[in-house]
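# Report on the structure
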Amino acid sequence: MQTQSRIPKLNEVSFDGALMWFSEMKCKDLLFHPEDDPADIFLFSDGSRMFDQIEVEDVNLILERLESTIGHENVIKAAYPVFMNAFGLRLDA
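Next up on the list: the overall build of the chain. Secondary structure summary: the chain contains 3 helices and 0 strands in total. Listing each helix as α and each strand as β along the chain from the N terminus yields α-α-α. For the chain, the C-alpha radius of gyration of 13 Å lies close to 12 Å, the compact-globule estimate for 93 residues. When the backbone C-alpha atoms are referred to their principal axes, the chain occupies close to 40 × 30 × 20 Å. In the chain, which comprises 93 residues, the proportion classed as buried is 32%. Sequence-distant contacts, at least 24 apart, represent 56% of the contacts inside the chain between residues at least 6 apart. Taken as a whole, the chain presents about 6,300 Å² of accessible surface, with 52% of it coming from carbon and sulfur. In the chain, the 8 positive side-chain charges and the 17 negative ones have mean positions that sit 6 Å from each other.

For the rest of this paragraph, the subject is the packing of aromatic side chains. Summed over the entire model, instances satisfying the criterion amount to 2 aromatic pairs. Relative to F22, the ring of W21 lies with its centre 5.1 Å away and its plane at 70°, an arrangement referred to as edge-to-face. Residue class for F22 comes out buried when judged on its relative accessible area of 0%. Taking the centre distance of 5.6 Å and the plane angle of 75° together, the rings of F32 and F51 count as edge-to-face. Of this pair, F32 sits in the loop between α1 (15-27) and α2 (53-70) while F51 sits in the loop between α1 and α2, and the two are 19 residues apart along the sequence. Here F32 and F51 have matching classes, each one buried.

Attention now goes to a negative patch on the surface. A surface patch of like charges, here negative, comprises E35, D36, D37 and D40. With respect to the helices and strands, the residue D40 is situated in the loop between α1 and α2. Among the residues examined, D40 registers a relative accessible area of 56% and is labelled exposed.

What follows covers the side chain of S14. By secondary structure assignment, the location of S14 is in the segment before α1. Residue classification places S14 among the buried positions, given a relative accessible area of 15%. Polar side-chain contacts of S14 include one of 2.6 Å to the side chain of E12. With residues near it in sequence (within four places) discarded, S14 still touches L66 and I70.

The next thing to look at is the nonpolar core. Formed by 24 residues in total, the largest nonpolar core has its most connected members in I7, W21, F22, M25, F32, F51 and V59. Within the residue set of this core, elements represented by two or more residues are α1, α2 and α3 (72-86).

Before going further, it helps to examine α1. If you check α1, its first and last C-alpha atoms are 18 Å apart, about what 13 residues at 1.5 Å a residue would give, namely 18 Å. In the core, the buried residues of α1 are packed alongside α2 and α3. D29, located one to two residues past α1, shows a positive phi value of around 55°.

Thresholds applied
Residues numbered from 1 in each chain as written. Predicted model: local features only at pLDDT ≥ 70, side-chain atom pairs only at ≥ 80, totals over all residues. Heavy atoms only, no water. Helix = DSSP H or I, 4+ residues; strand = E, 2+ residues; numbered from the N terminus. Rg over C-alpha atoms; globule rule 2.2 N^0.38 Å. Buried < 20%, exposed > 50% of the residue type's maximum accessible area, 1.4 Å probe, protein only. Contact = heavy atoms within 4.5 Å. Areas by Shrake-Rupley, 256 points an atom, 1.4 Å probe, with all protein chains shown as cover. Lys, Arg positive; Asp, Glu negative; His and termini not counted. Charge placed at Lys NZ, Arg CZ, Asp CG, Glu CD. Phe/Tyr/Trp six-rings, centres within 6.5 Å; stacked < 30°, edge-to-face > 60°. Patch = residues over 30% accessible without salt bridge, like charges linked within 9 Å, V, L, I, M, F, W, Y side chains within 5 Å. Salt bridge = Lys/Arg side-chain N within 4 Å of Asp/Glu carboxyl O. Polar contact = N/O pair within 3.5 Å; in protein donor to acceptor, adjacent residues only side chain to side chain. Core = buried A, V, L, I, M, F, W, Y, C linked by side-chain atoms within 4.5 Å. Expected span 1.5 Å × (residues − 1).

See the structure below:
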């Protein structure tokens, strides 16, 4: 049984903070699309949930803080380059 959340802390409630948070999520193999409910994400490898209940609450709290400050569209925009990098696509600088 897991006793500690794997979700990284949000160091700054800003666009750059969101970008860093999604990058840290990717580094921990926890990257997900912010429009998906983290409680409904399952691993392909064994069908288990990606996040436990505490982690779901942590993720939802972070997303709520970000969206209330920088807006929903900017949360998506912050996640975008991290997703493109995860897929091996380079973005223009």
